[in-house]
Amino acid sequence: MTEPPGRRERKKAATRQKIADTALRLFLDRGYDAVGIRDVAAEADVAVTTLFSHFASKEALVFEQDDNFEQRLTQAVTNRAPHEPLIPALRREIQEMVRHCTADGTVPIYRMIDESRALREYEESMRLRHAESLATAIAADPGLSQTTTACRTIARFVIDAYSLARETDDPQAALDEIFQMIEAAWEVT
């Protein structure tokens, strides 16, 4: 059983969320390129050093759920029930992530990302990092005996499934189609 976070951890989490919310509001109101780090810090009423203690870069402010998404993906592998097949567990997690990222109000955020080269590049590096973490979790599973290459390939397919489904008019249908292919690829390895 995990202990509830203490006061200090709650305050840090609240400050981080306040900074992220402020940044997103400013970016959407004024445009990503028109807002600087100092603008975000001033509006959030924190020092620039405080902002950087929570976020490594301006781009990270947009993708504030990055660490959470990566952790959820690896936990879909490590925390699945004994004898539960890998691909359905990953599919369930990707469905939840797509549902979150296609909820009402997300269109302006993804439009902003698409319009910014820096954000697109950051998102691509983030996806590659997520794929590597996922591949490592798959390879470390003692119940799975695939090669490192197979683990890395499936991890990339899963990460790409998230991106491809999020960009369609019917994310559920896209996930159904994509995961049929992923399942077939996993079965032949």
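A brief look at the structure comes next. (Residues numbered from 1 in each chain as written. Predicted model: local features only at pLDDT ≥ 70, side-chain atom pairs only at ≥ 80, totals over all residues. Heavy atoms only, no water.)

1. A short note on the packing of aromatic side chains
Counted by the stated rule, this structure contains 3 aromatic pairs. With a centroid separation of 4.9 Å and an interplanar angle of 65 degrees, the aromatic rings of Phe27 and Tyr32 are classed as edge-to-face. Exposure class is identical for Phe27 and Tyr32. Each is buried. Ring geometry for Phe63 against Tyr122: centres 5.4 Å apart, planes inclined by 20 degrees, an arrangement best described as stacked. Pair noted here: Phe63 is in the loop between α4 (58–62) and α5 (66–78) and Tyr122 is in helix α8 (residues 117–140), with a separation of 59 residues, a long-range link. The same class applies to Phe63 and to Tyr122, which are both buried. (Phe/Tyr/Trp six-rings, centres within 6.5 Å; stacked < 30°, edge-to-face > 60°. Buried < 20%, exposed > 50% of the residue type's maximum accessible area, 1.4 Å probe, protein only. Helix = DSSP H or I, 4+ residues; strand = E, 2+ residues; numbered from the N terminus.)

2. A look at the packing of helix α6 (residues 86–101) against helix α10 (residues 171–188)
Their axes nearest at 11 Å, the elements α6 and α10 cross at an angle of 155 degrees. By the criterion of interaxial angle, the relationship of α6 to α10 is roughly antiparallel. In this structure, α6 meets α10 at a crossing whose hand is right-handed. Of the residues in α10, those in contact with Leu86, Ile87, Pro88, Leu90, Arg91, Ile94, Gln95 and Val98 of α6 are Pro171, Gln172, Leu175, Asp176, Phe179, Ile182, Glu183 and Trp186. (Axes fitted to C-alpha atoms, helices over the stretch in contact; angles between N-to-C directions. Parallel < 35°, antiparallel > 145°, perpendicular 65-115°, else oblique. Left-handed = near helix turned anticlockwise from the far one by under 90°. Contact = heavy atoms within 4.5 Å.)

3. Structural notes on the pattern of salt bridges
Counted by the stated rule, this structure contains 12 salt bridges. Close ionic contact of Arg92 with Glu84 constitutes a salt bridge, the shortest N to O distance being 2.3 Å. The buried category is assigned to Glu84, whose relative accessible area is 18%. Among the ionic pairs, Asp176 bridges to Arg91, the shortest N-O distance being 2.1 Å. Placement of Asp176 in helix α10 and of Arg91 in helix α6 is noted, with a sequence separation of 85 residues between them. Relative accessible area serves as the criterion here: at 30%, Asp176 is assigned to the partly exposed category. Each of Glu123, Glu124, Arg127 and Arg166 takes part in one network of salt bridges that share partners. (Salt bridge = Lys/Arg side-chain N within 4 Å of Asp/Glu carboxyl O.)

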